[in-house]
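# Examining the three-dimensional arrangement
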Amino acid sequence: MKNMARWFIVGGIILIVIGVLLYIAPWLLSWFGKLPGDIRIEKENSKVFFPITSMIIISIILTIVVNVARYLKK
(Lines give C-alpha, C1' and ligand atoms only; values in the text may rest on other atoms or scores of the structure.)
Protein backbone atom coordinates (compact mmCIF):
# COMPACT_ATOMS: atom_id res chain seq x y z
CA MET A 1 0.00 0.00 0.00
CA LYS A 2 2.83 2.41 0.82
CA ASN A 3 4.36 1.87 -2.61
CA MET A 4 1.11 2.87 -4.32
CA ALA A 5 0.82 5.93 -2.08
CA ARG A 6 4.31 7.02 -3.13
CA TRP A 7 3.35 6.73 -6.79
CA PHE A 8 0.26 8.89 -6.20
CA ILE A 9 2.39 11.51 -4.42
CA VAL A 10 4.98 11.51 -7.21
CA GLY A 11 2.24 11.73 -9.84
CA GLY A 12 0.65 14.65 -7.99
CA ILE A 13 3.95 16.49 -7.76
CA ILE A 14 4.54 15.96 -11.48
CA LEU A 15 1.06 17.33 -12.28
CA ILE A 16 1.68 20.37 -10.07
CA VAL A 17 5.01 21.06 -11.80
CA ILE A 18 3.36 20.78 -15.24
CA GLY A 19 0.54 23.08 -14.11
CA VAL A 20 2.96 25.71 -12.82
CA LEU A 21 4.99 25.52 -16.03
CA LEU A 22 1.88 25.98 -18.14
CA TYR A 23 0.76 28.89 -15.97
CA ILE A 24 4.13 30.63 -16.26
CA ALA A 25 4.84 29.73 -19.91
CA PRO A 26 1.64 28.73 -21.75
CA TRP A 27 3.49 28.74 -25.09
CA LEU A 28 5.25 25.48 -24.11
CA LEU A 29 2.29 23.40 -25.28
CA SER A 30 0.90 25.70 -27.95
CA TRP A 31 1.64 22.94 -30.52
CA PHE A 32 -0.72 20.49 -28.80
CA GLY A 33 -3.71 19.81 -31.03
CA LYS A 34 -2.36 21.64 -34.06
CA LEU A 35 -0.33 18.85 -35.61
CA PRO A 36 -1.24 17.14 -38.88
CA GLY A 37 -3.41 14.17 -37.99
CA ASP A 38 -5.29 15.88 -35.17
CA ILE A 39 -8.97 15.80 -36.07
CA ARG A 40 -11.09 18.88 -35.43
CA ILE A 41 -14.73 19.08 -36.47
CA GLU A 42 -16.48 22.38 -35.88
CA LYS A 43 -20.13 23.02 -36.66
CA GLU A 44 -22.53 25.76 -35.62
CA ASN A 45 -23.58 24.23 -32.30
CA SER A 46 -20.84 21.73 -31.53
CA LYS A 47 -17.13 21.08 -31.63
CA VAL A 48 -15.42 17.68 -31.66
CA PHE A 49 -11.69 17.35 -31.20
CA PHE A 50 -9.50 14.21 -31.42
CA PRO A 51 -5.78 14.99 -30.85
CA ILE A 52 -4.60 11.66 -32.28
CA THR A 53 -1.13 12.68 -33.46
CA SER A 54 -0.44 14.78 -30.37
CA MET A 55 -1.36 11.90 -28.06
CA ILE A 56 0.85 9.49 -30.01
CA ILE A 57 3.80 11.85 -29.56
CA ILE A 58 3.10 12.22 -25.83
CA SER A 59 2.81 8.43 -25.53
CA ILE A 60 6.18 7.94 -27.22
CA ILE A 61 7.82 10.52 -24.95
CA LEU A 62 6.34 8.94 -21.80
CA THR A 63 7.41 5.47 -22.95
CA ILE A 64 10.98 6.67 -23.41
CA VAL A 65 10.97 8.36 -19.98
CA VAL A 66 9.63 5.25 -18.23
CA ASN A 67 12.11 2.95 -19.97
CA VAL A 68 15.04 5.22 -19.11
CA ALA A 69 13.87 5.35 -15.47
CA ARG A 70 13.66 1.54 -15.36
CA TYR A 71 17.10 1.21 -16.95
CA LEU A 72 18.66 3.63 -14.45
CA LYS A 73 16.96 1.85 -11.53
CA LYS A 74 18.73 -1.44 -12.33
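Predicted model only: the values in this text are computed from it and were never measured.

Turning our eyes to something else, we now look at the overall build of the chain. Within the chain, the regular secondary structure consists of two helices and two strands. The globule rule puts the C-alpha radius of gyration for 74 residues at 11 Å, and the 17 Å found for the chain is more than 25% above it. Its C-alpha atoms give the chain principal-axis dimensions of about 50 × 25 × 25 Å. A burial count over the chain gives 7% of its 74 residues as buried. Sequence separation of at least 24 residues holds for 6% of the intrachain contacts in the chain that already meet a minimum separation of 6. Carbon and sulfur atoms make up 73% of the accessible area of the chain, which amounts to about 7000 Å² in all.

Next up on the list: the layout of surface pockets. Here the largest pocket defines a volume of roughly 650 Å³. The wall of the largest pocket is formed by 18 residues, among which Ile-14, Ile-18, Ile-61, Leu-62 and Val-65 lie closest to the centre. Contributing elements (two or more residues each) for the lining of the largest pocket: α1 (2-24) and α2 (52-73). Ranked by residues supplied to the lining of the largest pocket, first place goes to α2 with eight residues. Each residue belonging to the lining of the largest pocket can be placed in one class, and the counts come to 15 nonpolar, one polar and two charged.

Where strand β1 (residues 39-42) lies against strand β2 (residues 47-50), four bridges are found, and the strand directions are antiparallel. Opposite Ile-41, over in β2, you have Val-48 as the bridge partner. Following β1, the chain reverses through four residues before pairing antiparallel with β2.

Before going further, it helps to examine the environment of Gly-37. Assignment of secondary structure puts Gly-37 in the loop between α1 and β1. Residue class for Gly-37 comes out partly exposed when judged on its relative accessible area of 44%. For the pair formed by Gly-37 and Phe-50, sequence separation is 13 residues and the distance between their alpha carbons is 9.0 Å. Ignoring sequence-local partners within four residues, the contact set of Gly-37 consists of Phe-50, Ile-52 and Thr-53.

By secondary structure assignment, the location of Ser-54 is in helix α2. Residue Ser-54 is classed as buried on the basis of its relative accessible area of 0%. Within polar-contact distance, the side chain of Ser-54 engages the side chain of Asp-38 at 2.8 Å.

Criteria and thresholds
Residues numbered from 1 in each chain as written. Predicted model: local features only at pLDDT ≥ 70, side-chain atom pairs only at ≥ 80, totals over all residues. Heavy atoms only, no water. Helix = DSSP H or I, 4+ residues; strand = E, 2+ residues; numbered from the N terminus. Rg over C-alpha atoms; globule rule 2.2 N^0.38 Å. Buried < 20%, exposed > 50% of the residue type's maximum accessible area, 1.4 Å probe, protein only. Contact = heavy atoms within 4.5 Å. Areas by Shrake-Rupley, 256 points an atom, 1.4 Å probe, with all protein chains shown as cover. 1 Å grid on protein atoms, 1.4 Å probe; cavity = no way out; pocket = protein on both sides within 12 Å on 5 of 7 lines; lining within 4 Å. Points joined across faces, edges and corners; volume = space filled by probe spheres on them. Nonpolar A, V, L, I, M, F, W, Y, C, P; charged D, E, K, R; others polar. Pairing = 2+ DSSP bridges. Polar contact = N/O pair within 3.5 Å; in protein donor to acceptor, adjacent residues only side chain to side chain.

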